[in-house]
Amino acid sequence: MANTVAIGDLQYGSTATISGVVDRITDEDEFRLRDDSGSVLVYIGPGIVPFDMGEAITVSGIVDRDFGRLELYARQATRADGTEVTFDHRYD
């Protein structure tokens, strides 16, 4: 994966890789990821969030806005043990 950026430094419209801890699962297909700089909602598309609260992950995707707040549309994630999870969906 690409170099990671702090959640607090995410920019709308960019592709980014962030690392943090799953802070809260907000819906079956969304969760909040937190690092020392803040937190962001991560959308995985249709499906069930495959992570547990408190799990450390690195996730890559597209930064978009949802009701004015930044959100990461995940494409790929890596667990602490190196296992990769791919989210196979399109944002059309």
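Below is a short write-up of the structure. (Residues numbered from 1 in each chain as written. Predicted model: local features only at pLDDT ≥ 70, side-chain atom pairs only at ≥ 80, totals over all residues. Heavy atoms only, no water.)

## Focus: the pattern of salt bridges
Next, step 1: For the structure shown, the criterion picks out 2 salt bridges.
Next, step 2: Across the pair Arg 34 and Asp 23 runs a salt bridge whose closest N-O atoms are separated by 3.2 Å. Remark: Asp 23 occurs in strand β1 (residues 15–27) and Arg 34 occurs in strand β2 (residues 30–35); sequence separation between them is 11 residues.
Next, step 3: Owing to a relative accessible area of 38%, Arg 34 belongs among the partly exposed residues under this scheme.
Next, step 4: The shortest N-O distance in the salt bridge between Glu 55 and Arg 79 comes to 2.6 Å. Of this pair, Glu 55 sits in the loop between β3 (38–43) and β4 (56–66) while Arg 79 sits in strand β5 (residues 69–79), and the two are 24 residues apart along the sequence.
Next, step 5: Accessibility expressed as a relative area gives 16% for Glu 55, which makes it buried.
Next, step 6: On the basis of relative accessibility, which here comes to 21%, the residue Arg 79 falls in the partly exposed class. (Salt bridge = Lys/Arg side-chain N within 4 Å of Asp/Glu carboxyl O. Helix = DSSP H or I, 4+ residues; strand = E, 2+ residues; numbered from the N terminus. Buried < 20%, exposed > 50% of the residue type's maximum accessible area, 1.4 Å probe, protein only.)

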